[in-house]
Amino acid sequence: MELRHLQHFVAVAEEEHFTRAAERLLVSQSGLSASVRALERELQTPLFVRTTRRVMLTPAGRALLTEAERILAQVRSAREAVAAVQGVLRGMLALGSEQCVAGLHVAGLLAAFRRRHPDVEICLRQAGSGALAEEVASGRLDLAFAVRTAQEDTDQLRVVPLSSEPMTVLCHPSHRLAAAGAAVTPEELGGEVFVDFHPDWGPRRATDAVFAAAGVRRAVALEVNDVHSLLELVDENLGVAVVPRHFRHKRESLTSLAVKGTGETMYETVALLPPPQATSPAARALMGLLDPPAGCSEVSR
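Since the structure is predicted, the reported quantities are computational estimates derived from the model, not experimental observations.

Looking only at helices and strands, the chain features 12 helices and 12 strands. Projected onto the principal axes, the alpha-carbon positions of the chain cover approximately 70 × 50 × 30 Å. Pairs at least 24 residues apart make up 73% of the contacts formed inside the chain by residues separated by at least 6 positions. For the chain, the accessible surface area stands at approximately 14,600 Å², while carbon and sulfur atoms represent 52% of it. Distance between charge centres in the chain, computed from 32 positive and 36 negative side chains, equals 4 Å.

Following this line, the structure appears as structure tokens:
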């Protein structure tokens, strides 16, 4: 099994189209098709279902995709490790991140990394914590900054705590909660209209955990995928939001109230990494910028 066959297979799987995959790889479509057919002959099974508009993975293809991505990531890490021994860090850093992770300024962190390692190409993907954990475990990402929910260390994933903070309620200044001006319990919020994120985003998972622990059911009427939309909806008094405490600094016009009866910490930022032997030199270098005292003072907020 040749590496180029796996590279061609993964490109077709990601693009779901032979022509687009060939353009991306800068190879001829006939050559790409021949490469995939050779892989199918070797494995003695079809990897794709081909239609006139797209191609879809067969069950065998889905099984191979996970392993192919992991193999290609390990090959890339091996090449980068050799380059690092030679004194030059190069290659690619594939990073994932949640929106507005607590205690970490991702843009500042990447700028500091770029200054130190200008020969490394940086690729950033923003997604929810669940998707990020899957992509690090599969080798598609070198590391990710996410929110701890149910993630624990596995054979494919390490969870490194970075920072933590309590949750807070944000509401319009004219809202009845703002008039009371006191900390609230999940029970007292049960009947409110909520603005929140998609269920895969870390803050939503943390908020769901707060209410689940209190045994309080709630309905999210206004569901968004970005922080600014959430803040705008709350600012128009269309609902309230239970969010990480640092969100209150993003819109000072909103009233912030503590959530009581939920324990010490409800929102924890973590780094998700592969096992140590599979962690790329670029990922280790990025994590090194977070080590106190100099790293944290430069890239955190």
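Let's pick the thread back up.
On to unusual backbone geometry, then. In this model, leucine 26 sits at a positive phi of 60 degrees, which is unusual for a non-glycine residue. You can see leucine 26 is positioned in the loop between helix H2 (18-25) and helix H3 (29-43). Phi is positive for cysteine 100, which is not a glycine, with a value near 50 degrees. Position of cysteine 100 among the secondary structure elements: in the loop between strand S3 (91-97) and helix H5 (106-116). Relative accessible area serves as the criterion here: at 24%, cysteine 100 is assigned to the partly exposed category.

The strand order S10-S7-S11 describes an open sheet built from three strands, whose pairing is antiparallel. Of all strands in the sheet, those with a lone pairing partner are strand S10 (241-244) and strand S11 (255-258), marking the two edges. Each neighbouring strand pair of the sheet contributes to a mean axis angle of 40 degrees, computed without reference to strand direction. By the bridge criterion, four bridges tie strand S7 (residues 167-171) to S10 in an arrangement that is antiparallel.

Here the focus is the side chain of arginine 204. With respect to the secondary-structure elements, arginine 204 resides in helix H9 (residues 202-214). Arginine 204 sits in the buried class, given a relative accessible area of 11%. Separated by 2.6 Å, the side chain of arginine 204 and the backbone oxygen of phenylalanine 197 make a polar contact. Excluding anything up to four places from it in sequence, arginine 204 contacts Asp196, Phe197, His198, Pro199, Arg218, Val220 and Glu223.

Next up on the list: the state of the cysteines. According to the stated counting rule, one finds zero disulfides in the structure shown. There is no disulfide at cysteine 171, and the cysteine sulfur nearest it, in cysteine 100, is 20 Å away. Taking the relative accessible area as the measure of exposure, cysteine 171 reaches 0% and is therefore buried.

Here the UniProt-annotated "domain: HTH lysR-type" (unreviewed entry) positions come out as residues 1-58. Split by type, residues 1-58 is 62% helix and 10% strand. Its first and last C-alpha atoms lie 19 Å apart.

Moving on to H3. In this model, H3 (15 residues) spans 21 Å end to end at C-alpha, consistent with the 21 Å of a helix rising 1.5 Å per residue. Among the residues of H3, those classed as buried are Leu32, Ser33, Ser35, Val36, Ala38, Leu39 and Glu40. Just beyond H3, the residue with positive phi is glutamine 44, at close to 60 degrees.

This next bit is on the packing of aromatic side chains. On inspection of all chains with the given rule, the structure shows four aromatic pairs. Between phenylalanine 197 and phenylalanine 247, the aromatic rings sit 6.3 Å apart at their centres with planes inclined by 90 degrees, giving edge-to-face as the arrangement. Placement of phenylalanine 197 in strand S8 (residues 194-197) and of phenylalanine 247 in the loop between S10 and S11 is noted, with a sequence separation of 50 residues between them. One aromatic cluster in this structure is built from Phe9, Phe18 and Phe48. Directly above the aromatic system of phenylalanine 194 lies the positively charged group of arginine 218, at a separation of 4.9 Å from the ring centroid.

Thresholds applied
Residues numbered from 1 in each chain as written. Predicted model: local features only at pLDDT ≥ 70, side-chain atom pairs only at ≥ 80, totals over all residues. Heavy atoms only, no water. Helix = DSSP H or I, 4+ residues; strand = E, 2+ residues; numbered from the N terminus. Contact = heavy atoms within 4.5 Å. Areas by Shrake-Rupley, 256 points an atom, 1.4 Å probe, with all protein chains shown as cover. Lys, Arg positive; Asp, Glu negative; His and termini not counted. Charge placed at Lys NZ, Arg CZ, Asp CG, Glu CD. Buried < 20%, exposed > 50% of the residue type's maximum accessible area, 1.4 Å probe, protein only. Pairing = 2+ DSSP bridges. Axes fitted to C-alpha atoms, helices over the stretch in contact; angles between N-to-C directions. Polar contact = N/O pair within 3.5 Å; in protein donor to acceptor, adjacent residues only side chain to side chain. Disulfide = S-S within 2.5 Å. UniProt positions renumbered as here; feature names shortened; annotations may be inferred. Expected span 1.5 Å × (residues − 1). Phe/Tyr/Trp six-rings, centres within 6.5 Å; stacked < 30°, edge-to-face > 60°. Lys NZ or Arg CZ within 6 Å of the ring centre and 35° of its normal.

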